[in-house]
Structures are given as C-alpha cells and as structure tokens.
Amino acid sequence: MNEWIEKFLDYVYSRHSKSTQTVDAYRRDLEQLKMYLTSQGITSFEEVDRLTILNFITEFRLETYAKDSTMARKLSTYRSFYKYLNEYYGIGNNPMESIQSPKNKRNVPEFLFVSEIKNYLNSYSLDKDTDIRDKTMFTILYACGLRVSELVQLTWSQIDISSRIVRIRGKGDKERIVPFFKGFEKQLARYRLAYWEKYAQDDHVFVNLKGKGFTSRGVQYLMQKHADEIGLSMKVHPHMFRHSFATHLLDNGADIRIVQELLGHSSLSTTQIYTHISNKKLKEVYQQAHPLANKTDLYEVNPESWTKNY
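Scope of this entry: the structure provided in the associated data block. All chains use their own residue numbering, which begins from 1 and follows the written sequence. In view of the model being predicted, local features appear only for residues whose pLDDT reaches at least 70, and side-chain atom pairs are presented and counted only at 80 or more, with totals across whole chains, interfaces and linings using the full set of residues. Calculated side-chain values reflect all of the structure's heavy atoms, with hydrogen atoms and water omitted.

What follows deals with the packing of helix α6 (residues 129-144) against helix α10 (residues 238-251). Packing of α6 against α10 brings their axes to within 7 Å, and their N-to-C directions diverge by 40°. Classified by the interaxial angle, the pair formed by α6 and α10 is oblique. For the element pair α6 and α10, the recorded crossing hand is right-handed. When α6 is examined against α10, the residues Phe138, Leu141, Tyr142, Ala143 and Cys144 are found in contact with a partner set consisting of Pro238, Phe241, Ser244, Phe245 and His248. Gly counts as polar in this scheme, as do all residues outside two lists: the nonpolar Ala, Val, Leu, Ile, Met, Phe, Trp, Tyr, Cys and Pro, and the charged Asp, Glu, Lys and Arg. Split into classes, the residues belonging to the contact of α6 with α10 amount to 8 nonpolar, 2 polar and no charged. Lines fitted to C-alpha atoms define the axes, with helix axes restricted to the stretch in contact, and inter-axis angles between N-to-C directions lie between 0 and 180 degrees. A helix here means a DSSP run of H or I that spans at least four residues, while a strand means a run of E at least two residues long, and both kinds are numbered starting from the N terminus. Under this scheme an angle from 65 to 115 degrees is roughly perpendicular, one under 35 degrees roughly parallel, and one over 145 degrees roughly antiparallel; angles in between are oblique. Each helix crossing is assigned a hand: it is left-handed if the near helix lies turned anticlockwise from the far helix by less than a right angle, otherwise right-handed if that turn is clockwise. By definition, residues are in contact when any of their heavy atoms lie within 4.5 Å.

Below is the structure:
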C-alpha cells in the first residue's frame, strides 16, 4: 500500500499541483485510510469496497467531529487516488464511484475592520527586536494579502525594494506580483538592519531568535499572543489578515478581477465570496451615486392615502 501511495503523491506533485502543502494534505488523508484498513485486516487497496469506505468515514467523523468541508476534501482525495489506480495500475474496482461528498457550505470569511488592523499593527512598542520583526511581518501579511505558507517561505530575493513589489510563489508554483504601499520599504530596511542581520542564518525574510525561518504554527502563535496582549477579544489567525486585505480592497472600489490577481485565485468564483462581505458598502455607494436614490420626494406618500377605500 505504501508504494501506491508514494507513486500517487509523486504523480500529484509533478503533473498537477507542484505544491508540497497539497501533497502533504493528500498524504495525511491516505495514511489515515491505510491505518483504518490495516486495523480491519485489509492489506491492499484492491480489497476495499464501498461499505469499507463508508464505515471509515463514519468512524473518522465520530472521532474527530470533522466538518463537511474536511470530509468533502478527504473524499475528493480518495476519488482521485482510485481514479489513478484504475488508470495506471489497472485495478478493477473503484469504491468511490457511488459515494457522494457532503454539500460544502461556503462560510463568509472572517475579517478585521480597518480600525482593528490599524490598532493591531500600531500597538507594537518597537522597544524590542522582536517587536520590530513582528510588526513588519504582520504588516506585509496584510499589505500583500499573503497566505501564511507564502509568508514563511518568503526570501529577500523575492522583494524589490526600489519598485515596491513582492514576487510571490503561490499554490501550484504560480508566481504573482503584489505591490506594497509607499513608506513600507523604510520599515523593511529598519527590520533588516535591526533584527535580520543580527539573527538570520539563511535567506528567509522572517526568522526566529535562533535565526531559522518560522513555521506556520509559529506565526499563528505570535499573532494570537499579540491579540491577547492588546485585549482583542477574538481568535485571530493569519488567513484573517488575507481576508481583510481582500475585503478592504473591494470596499474601497477595487475591481474584483484585480483582487483576484492579487490573491492568486485561479477562479473568479473564489474571490466573489468576499463580495458578500462588501454588500453593505455596495448599498452605500448605490445610495450616494444613483440618480433616484436620494430623490425621496418622487415617492413621498400622503399618510391619508393609507386609508383610502378601493
């Protein structure tokens, strides 16, 4: 079973995603299925039938309280895996053929208001080296709408200070170019001089006190730690800054296709979820701009007419 898993993961990486995160997610899903099969005395993926998959999914969900989105992703992994086995190894069965994924309800992304972002970033004292580092790190996270994986992998060679742009290597190894605001280059330069040159042991832009690049969990820990320190009474996470980046751009009139490009979304429908957040802003713009929106006299109603008999 291990050989087939490894062959499939190599195939996914080379032919489709070229993303280590995608491969890692597929690996976890398949290893969990393999452990269950082993516990049931099943030694080959060829022996798996529809009932086995359903029993595994039921047991996994009861033990982990997994969301519909998680289960949908797992079933998608197994569907792709068995399609690969059918095509490249010629196995005769496919237990996934008649199994449907749960409907994945798209939740509106969590985001922070502009005032909350400003309060978060401006509340660093900058008396300590780590304050300079953290403020710079979370500023670029929001200013460029980075995924946390992109942040922790960022190197100085990707940042063009003079042009004020960052070349980001995103999902599927696709490159996108995102600008940052005028003045932030000074903050980057200060951080590099005051912190990075003192501690860094490799080319990662953001490093811990041991000089090594951060993990995603390390970034999450520092983000929540600061939120707790300033009394922000909510759970925050790095993707919340990315959601805020998109929401605030749309609220201020940015074209949705530009936002799609900045986020690195391959599909416009992925970006459109942020328009739900911005509906209030759209109504405000409409009220201010439409020729009839403020012409209340056109539709003034005489209260006496309410009692008119017909």
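Let's shift gears to helix α11 (residues 256-263). Residue exposure (1.4 Å probe, protein chains only): buried if accessible area is under 20% of the type maximum, exposed if over 50%, otherwise partly exposed. Residues Val259, Gln260, Leu262 and Leu263 constitute the buried set of α11. One side of α11 holds all its buried residues, which, seen down the axis, span an arc of 165°. Structural note: α11 exposes Arg257 and Glu261 on the side pointing more than 90 degrees away from its buried face. With a side-chain oxygen positioned 2.8 Å from the backbone nitrogen of Arg257, the residue opening α11 is Asp255. Backbone geometry just after α11 places Gly264 at a positive phi near 80°. Think of the arc as the fan of directions from the helix axis to the C-beta atoms. Side-chain atoms alone can form a polar contact between residues adjacent in sequence; in general such a contact is a pair of N or O atoms within 3.5 Å, and within protein one must be able to donate a hydrogen while the other accepts it.

None of this, on its own, says anything about what the molecule does.
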